[in-house]
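The chain contents come next:
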Amino acid sequence: VSGPIRPSVIHACRSAWSAGPYFWPSGARTKYFTPGRYRIRMAVSKEARARHLARLREARPDVRDRPMFGMIAYWTDDVLFGLADETTLYFKADAANEADFPGREPWSYDDRPDGKYRALTPEEASDPDRLAALVESSRLAAIRMAKRA
């Protein structure tokens, strides 16, 4: 959209955003739309969100979560290090910590071929010591990625 944004669009964005924990599809902020038309409910249940957060906090107590991208994002020390859907945790990976995720295909929430995340196995997600090491490794990978950007 070129030029000033019409007041009706601003109102639509505000009312859609304040309606709850939803994410915006690509380009939704630039389209003229009816409030509520593009809202999509979170794909992660409250039970799964609580289960993932409990596991992560057992490994590292300062982990916080927040809805993002239709998933749950995990933060520590103001660094986004991982995402989760209903069943799987995904942690950031780069060349330096690639060995922590042997044989895992790159994954991205928007299906990019250069995915920056790797899925954890259920065994890794349930072992607090291994999970703590992976959280720290992924946190450091996220910091390295931010420095490169």
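Residues numbered from 1 in each chain as written. Predicted model: local features only at pLDDT ≥ 70, side-chain atom pairs only at ≥ 80, totals over all residues. Heavy atoms only, no water.

Caption draft 1: Layout of the pairing of strand S3 (residues 79–84). By the criterion of burial, S3 is predominantly enclosed, with six of the six residues buried. One ladder, built from five bridges, connects strand S2 (residues 71–76) with S3; its direction is antiparallel. What sits directly across from Trp-75, in S3, is Leu-80. Taking the residues between adjacent antiparallel strands as the criterion, S2 and S3 are bridged by two residues, where Asp-77 takes a positive phi near 50°. (Buried < 20%, exposed > 50% of the residue type's maximum accessible area, 1.4 Å probe, protein only. Helix = DSSP H or I, 4+ residues; strand = E, 2+ residues; numbered from the N terminus. Pairing = 2+ DSSP bridges.)

Caption draft 2: Region of the structure containing helix H4 (residues 128–148). Here H4 spans 30 Å end to end across 21 residues, near enough to the 30 Å set by a 1.5 Å rise per residue. Within the sequence span of H4, burial applies to Leu-131, Leu-134, Val-135, Ser-137, Ser-138, Arg-139, Ala-141, Ala-142 and Met-145. Summarising the contacts, the buried residues of H4 are in contact with helix H2 (46–59), S2, S3, strand S4 (89–92) and helix H3 (122–126). (Expected span 1.5 Å × (residues − 1). Contact = heavy atoms within 4.5 Å.)

Caption draft 3: Summary view of the packing of H2 against H4. Closest axis-to-axis distance for the H2/H4 pair is 8 Å, and the angle between their directions is 85°. Relative to H4, the element H2 lies roughly perpendicular. Across from Arg-55, Leu-56, Glu-58 and Ala-59 in H2, the residues of H4 making contact are Pro-128, Leu-131, Ala-132 and Val-135. (Axes fitted to C-alpha atoms, helices over the stretch in contact; angles between N-to-C directions. Parallel < 35°, antiparallel > 145°, perpendicular 65-115°, else oblique.)

Caption draft 4: Inspection of the environment of Ala-96 at higher detail. The topology assignment puts Ala-96 in the loop between S4 and strand S5 (117–119). Measuring from C-alpha to C-alpha, the distance between Ala-96 and Ala-141 comes to 7.3 Å, with 45 residues separating the pair along the chain.

Caption draft 5: Structural context of the packing of aromatic side chains. Enumeration according to the criterion identifies three aromatic pairs in this entry. Relative to Trp-107, the ring of Tyr-90 lies with its centre 4.0 Å away and its plane at 15°, an arrangement referred to as stacked. You can see Tyr-90 sitting in strand S4 and its partner Trp-107 sitting in the loop between S4 and S5, a full 17 residues away along the chain. (Phe/Tyr/Trp six-rings, centres within 6.5 Å; stacked < 30°, edge-to-face > 60°.)

Caption draft 6: Inspection of the side chain of Glu-124 at higher detail. Mapped onto the fold, Glu-124 is located in helix H3. Judged by its relative accessible area of 9%, Glu-124 is buried. Here Thr-121 takes part through its backbone nitrogen, which lies 3.1 Å from a polar atom of the side chain of Glu-124. Ignoring sequence-local partners within four residues, the contact set of Glu-124 consists of Asp-100, Arg-104, Arg-130, Leu-131 and Leu-134. (Polar contact = N/O pair within 3.5 Å; in protein donor to acceptor, adjacent residues only side chain to side chain.)

Caption draft 7: Spatial organisation of the sheet that holds S2. Taken in spatial order, the five strands of this open sheet run S1-S2-S3-S4-S5, and their pairing is antiparallel. With one partner strand each, in any of the chains shown, strand S1 (64–68) and S5 form the two edges of the open sheet. On average, adjacent strands in this sheet sit at an angle of 35° to one another, irrespective of strand direction. Where S3 lies against S4, three bridges are found, and the strand directions are antiparallel. When the sheet's bridge partners are listed, Gly-82 is paired in S4 with Phe-91. Its contacts with the sheet put H4 on S2, S3 and S4, and the angle it makes with S4 is roughly 45°.

Caption draft 8: Up close: the nonpolar core. Leu-56, Tyr-74, Leu-89, Phe-91, Leu-120 and Leu-131 are the most contacted members of the largest nonpolar core, which totals 19 residues. Elements with a minimum of two residues in this core: H2, S2, S3, S4 and H4. Looking at this core element by element, the count peaks at four residues for H2. Once residues lying within four places of it in the same chain are set aside, the contact partners of Leu-120 are Thr-88, Leu-89, Phe-91, Phe-101, Arg-104, Leu-131 and Leu-134. Residues Trp-75, Leu-80, Leu-83 and Tyr-117 belong to the second largest nonpolar core, which totals eight residues. (Core = buried A, V, L, I, M, F, W, Y, C linked by side-chain atoms within 4.5 Å.)

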